[in-house]
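Here is what each chain is made of, one letter per residue.
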Amino acid sequence: MIEPVPEARNILKLFREESVSELASQADDILLYLIELRNNFEIRQSKSPRFSGRSLSPLNSFIDDLESNPEQMLQSAEERGMLQMILEDIVAGRILLQRKSS
């Protein structure tokens, strides 16, 4: 099971330091992180304009794009920027997560 904040911090570091082609080589790890978030976590509190409910279902479009064409998704400045903003919200505490109860 992942720890959402440290892992988000690691992925943000990749976004800042790696070229798009190098980032694409990490697409599987990014994809697994997003799937783990969506499946096992929910929002406890959000001050982010991107998430207002408890569900992380808005991640579905990023997951679908990373599954179908990771390089294209990561080359898109718009999609990469949106994902980066979500990760920054998690790291900064604007999105507080908790594990889903069974």
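Above this text is the structure in question.
Quantities reported herein were computed from a predicted structural model and do not represent experimental measurements. (Residues numbered from 1 in each chain as written. Predicted model: local features only at pLDDT ≥ 70, side-chain atom pairs only at ≥ 80, totals over all residues. Heavy atoms only, no water.)

Overview of the side chain of Asp89
As for its position among the elements, Asp89 is in helix H6 (residues 77–92). In this structure Asp89 comes out as buried when scored by relative accessible area, which is 1%. Among the polar contacts made by the side chain of Asp89, one reaches the side chain of Arg50 at a distance of 2.9 Å. Side-chain polar atoms of Asp89 contact the side chain of Arg94, separated by 2.7 Å. Not counting residues up to four positions away in its chain, the partners in contact with Asp89 are Ser48, Arg50, Arg94 and Ile95. (Helix = DSSP H or I, 4+ residues; strand = E, 2+ residues; numbered from the N terminus. Buried < 20%, exposed > 50% of the residue type's maximum accessible area, 1.4 Å probe, protein only. Polar contact = N/O pair within 3.5 Å; in protein donor to acceptor, adjacent residues only side chain to side chain. Contact = heavy atoms within 4.5 Å.)

Thoughts on the nonpolar core
Core analysis: the biggest nonpolar cluster contains 29 residues, and Tyr33, Leu34, Leu37 and Leu59 have the highest contact counts within it. Residue assignment for this core shows that the elements contributing at least two residues are helix H1 (4–17), helix H2 (20–24), helix H3 (27–40), strand E1 (41–46), helix H4 (60–68), helix H5 (70–75), H6 and strand E2 (95–99). No other element matches H3, which puts 6 residues into this core. Other than its neighbours up to four places away in sequence, Leu37 contacts Ile2, Pro4, Leu56, Leu59, Ile90 and Leu97. (Core = buried A, V, L, I, M, F, W, Y, C linked by side-chain atoms within 4.5 Å.)

Brief notes about the environment of Ser46
For Ser46, the location among the structural elements is in strand E1. Each C-alpha atom, one on Ser46 and one on Gly93, is 8.3 Å from the other, the two residues being 47 residues apart in sequence. Setting aside residues no more than four positions away along its own chain, Ser46 makes contact with Phe51, Arg94 and Ile95. From its side chain, Ser46 meets the backbone nitrogen of Ser48 in a polar contact 3.1 Å long. Only 2.6 Å separates the side chain of Ser46 from the backbone oxygen of Phe51, close enough to count as a polar contact.

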